[in-house]
Amino acid sequence: MKSLINSVAVVAITCSAAFAASHSAENPMVGGAPMFADKNIVENAVNSADHTTLVAAVQAAGLVETLQSEGPFTVFAPVNAAFDALPEGTVETLLKPENKDQLTKILTCHVVATNALADAIRGMVDDDNGKHPVPTVGGCTLQATYDGDEIFIEDEMGNKATVTIADVKQSNGVIHVIDKVLLPAM
């Protein structure tokens, strides 16, 4: 497991340096790498040093092809520290082949089958008097709220993630970087 994450990290850092040297600041930076609106979710995510665990999980769950497809998708993308905050051994256990269904459920609870930018999310929250239900492709219903410029996504277990980087546009949707892993009701 560690070697897979380390391999992904080396590839991400190498690609990040090459992309950063050849592109201007017009592309938002995530995990030390520019994100390109003409690349898909997976093509960009592999370059983020902050998302190596998420990338490894997406690969283990067999979701790479799905997240490279046309979409549109909104992905709430937890950073490595969010996975590190889970109870010890959780990530390693989820990455085992026999737990693929559970891993897939958790990951698809971070994906919405639409392109929802931050302003649209705020508008939906306002329309719903302060809290908007967000159905995911994994069958979870998240709750979106906001306070000032900060958007929060609450999972079915009552855990609340903060969107730390919003509106990272992709060719097949948008990524919102979050600081917690969203969990389905168990």
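Criteria and thresholds
Residues numbered from 1 in each chain as written. Predicted model: local features only at pLDDT ≥ 70, side-chain atom pairs only at ≥ 80, totals over all residues. Heavy atoms only, no water. Buried < 20%, exposed > 50% of the residue type's maximum accessible area, 1.4 Å probe, protein only. Helix = DSSP H or I, 4+ residues; strand = E, 2+ residues; numbered from the N terminus. Pairing = 2+ DSSP bridges. Contact = heavy atoms within 4.5 Å. pLDDT = per-residue confidence, 0-100. Phe/Tyr/Trp six-rings, centres within 6.5 Å; stacked < 30°, edge-to-face > 60°. Lys NZ or Arg CZ within 6 Å of the ring centre and 35° of its normal. Axes fitted to C-alpha atoms, helices over the stretch in contact; angles between N-to-C directions. Disulfide = S-S within 2.5 Å. Core = buried A, V, L, I, M, F, W, Y, C linked by side-chain atoms within 4.5 Å.

*Asks:* Explanation requested: the pairing of strand β3 (residues 73–78) in the structure shown.
*Replies:* Each regular strand shows side chains that alternate between the opposite faces of the sheet. The buried fraction of β3 amounts to six of the six residues, a majority that puts the element mostly inside the structure. Here β3 shows a buried face lined by F73, V75 and A77 and a second buried face lined by T74, F76 and P78. As paired strands, β3 and strand β9 (residues 173–178) are joined by six bridges and run parallel to one another. For F76, the partnering residue across the bridge sits in β9 and is H176. For β3 and strand β4 (residues 111–112), the ladder comprises two bridges, and the chain directions are antiparallel. What sits directly across from T74, in β4, is V112.

*Asks:* Explanation requested: the pairing of β9 in the structure shown.
*Replies:* With six of six residues buried, β9 lies mostly within the body of the structure. On β9, burial covers both faces: G173, I175 and V177 on one face and V174, H176 and I178 on the other are all buried. Between strand β8 (residues 160–170) and β9, which pair antiparallel and follow one another directly, the connecting turn spans two residues.

*Asks:* It is not clear to me how helix α7 (residues 100–108) should be interpreted in this structure. Could you clarify?
*Replies:* Listing the buried residues of α7 in full gives L103, I106, L107 and T108. Looking at the packing, one finds that the buried side of α7 touches α3 (52–61), α6 (90–94) and β4.

*Asks:* Sorry, what's going on with the confidence of the model for the protein here?
*Replies:* Any region with low pLDDT has predicted coordinates that should not be read closely. Averaged over every residue, the pLDDT of the protein is 86; the share at 70 or more is 86%. pLDDT under 50 marks residues 1–25. Its contacts with residues more than four places away, or in other chains, come to 27 contacts.

*Asks:* Just checking my understanding: could you explain the packing of aromatic side chains for this structure?
*Replies:* By convention here, two paired aromatic rings are described through the distance between centres and the angle between planes. If you walk through the whole model with that rule in mind, you get zero aromatic pairs. The ring of F152 is capped by K160, whose NZ or CZ atom sits 5.6 Å from the centre of that ring.

*Asks:* Honestly, the sheet that holds β8 in this entry has me stumped. Any pointers?
*Replies:* Hydrogen bonds between backbone atoms are what pair the strands of a sheet, whose relative direction is either parallel or antiparallel. Strand order in the open sheet formed by seven strands is β4-β3-β9-β8-β7-β6-β5, and the pairing between neighbours is mixed. Of all strands in the sheet, those with a lone pairing partner are β4 and β5 (132–135), marking the two edges. Relative to β8, strand β7 (residues 150–154) is paired through three bridges, and the arrangement is antiparallel. Of the residues in β8, the one forming a bridge with E154 is K160. Sheet strands in contact with helix α8 (residues 118–127) are β3, β5, β6 (141–147), β7, β8 and β9, and its direction is about 95° off that of β6.

*Asks:* Would you explain α3 in this entry?
*Replies:* Residue pairs three or four apart in sequence face the same way in an α-helix, which turns once every 3.6 residues. Of all ten residues making up α3, eight are buried, and the element is well covered by its neighbours. Along α3, the residues classified as buried are T52, T53, L54, V55, A56, A57, V58 and A61. One or two steps after α3, the chain reaches G62, where phi turns positive at roughly 75°.

*Asks:* Can you walk me through the state of the cysteines in this structure?
*Replies:* Here, the word disulfide means a covalent bond between the sulfur atoms of two cysteines. The tally for this structure, following the rule as stated, stands at one disulfide. The disulfide partner of C109 is C140, and the gap between their sulfur atoms is 1.7 Å. Judged by the sign of its S-S torsion, about 60°, the bond between C109 and C140 is right-handed. Here C109, found in the loop between α7 and β4, pairs with C140, found in the loop between β5 and β6; they are 31 residues apart in sequence, far enough to count as distant.

*Asks:* Explanation requested: the nonpolar core in the structure shown.
*Replies:* A general trend in soluble globular proteins is that nonpolar side chains are found buried together. Ranked by size, the top nonpolar core spans 30 residues in total, and within it L67, V75, L103, L107, I175 and V181 carry the most contacts. If you list the elements that add at least two residues to this core, you get α2 (41–45), α3, β3, α5 (80–84), α6, α7 and β9. Ranked by residue count, the leading element in this core is α3, at four residues. Setting aside residues no more than four positions away along its own chain, L107 makes contact with L54, A57, V58, A61 and L63.

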